[in-house]
Amino acid sequence: MGTATKCTELYVKTKDEKGALAKCTVTLRENNVNIEGLCAYGMDGNASFMFITSDNTKAKQLLTEGGYTVEENEVVWWQTTNTAGTLNKATAALAEKGVNINYMYCTAGTGNTNTWVALNTNNNDETCNTLKNY
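Residues numbered from 1 in each chain as written. Predicted model: local features only at pLDDT ≥ 70, side-chain atom pairs only at ≥ 80, totals over all residues. Heavy atoms only, no water.

A. Spotlight on the pattern of salt bridges. Evaluation of the coordinates by the stated rule reveals three salt bridges. Salt-bridge contacts for Lys-6 lead to Asp-125; the nearest nitrogen and oxygen are separated by 2.5 Å. Of this pair, Lys-6 sits in strand S1 (residues 3-15) while Asp-125 sits in helix H4 (residues 124-131), and the two are 119 residues apart along the sequence. Here Glu-72 ties to Lys-60 by a salt bridge, and the two come within 3.7 Å at their closest N and O atoms. With Glu-72 in strand S4 (residues 70-81) and Lys-60 in helix H2 (residues 56-65), this residue pair connects regions lying twelve residues apart in the sequence. Overall, Lys-60 belongs to the partly exposed group, its relative accessible area being 28%. (Salt bridge = Lys/Arg side-chain N within 4 Å of Asp/Glu carboxyl O. Helix = DSSP H or I, 4+ residues; strand = E, 2+ residues; numbered from the N terminus. Buried < 20%, exposed > 50% of the residue type's maximum accessible area, 1.4 Å probe, protein only.)

B. A look at the packing of helix H1 (residues 20-30) against H2. Relative orientation of the contacting elements H1 and H2 amounts to 130 degrees, with a least axis distance of 10 Å. Our classification of the angle between H1 and H2 gives oblique. Crossing handedness for the pair H1 and H2: right-handed. Contact residues: H1 offers Cys-24, Thr-27 and Leu-28, while H2 offers Ala-59, Leu-62 and Leu-63. (Axes fitted to C-alpha atoms, helices over the stretch in contact; angles between N-to-C directions. Parallel < 35°, antiparallel > 145°, perpendicular 65-115°, else oblique. Left-handed = near helix turned anticlockwise from the far one by under 90°. Contact = heavy atoms within 4.5 Å.)

C. Broad picture of the sheet that holds S1. The six strands are arranged S2-S3-S1-S4-S6-S5 in an open sheet whose pairing can be described as antiparallel. If you trace the sheet from one side to the other, it starts and ends with strand S2 (35-43) and strand S5 (101-107), each paired once. The average undirected angle you get between the axes of adjacent strands in this sheet is 30 degrees. Packing of H4 onto the sheet brings it into contact with S1, S4 and strand S6 (114-121), and relative to S4 it is tilted by some 15 degrees. (Pairing = 2+ DSSP bridges.)

D. Quick look at H2. Residues of H2 that are buried include every one of Asn-56, Ala-59, Leu-62 and Leu-63, and no others. Seen along its axis, H2 keeps its buried residues to an arc of 125 degrees; they face one direction. Turned more than 90 degrees from where H2 packs its buried face, Thr-57 and Glu-65 sit exposed. Against S1, H1, strand S3 (46-53) and S4 lie the buried residues of H2. (Arc of directions from axis to C-beta.)

What follows is the structure, given as structure tokens:
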């Protein structure tokens, strides 16, 4: 059985250039804010970063002071076992409940027993309730 809670992700959009992520995260490192979840991509000349951190309030303040515009989005932060088929079963159950996944990202690795997944859906309450079974 997994755990699923609603939390806030920080969204930063900046110019897509070499070192953009390093520049954006240096202040977090210098102030001991741990990045627990991250999605980063570049598109059409922009870099987009979505962070879940150990201290989002502090991270938002630091990033804002660094000149970044920071948006907050509600996501579901789901911890589950890192086993074959878990994602398929969980997303099928969400679909049966009428939940549409807007986006998701995760962190896992070979040999790890747990996986952390961030999801933004059309119904984060139902998503939390459903994912606790997986």
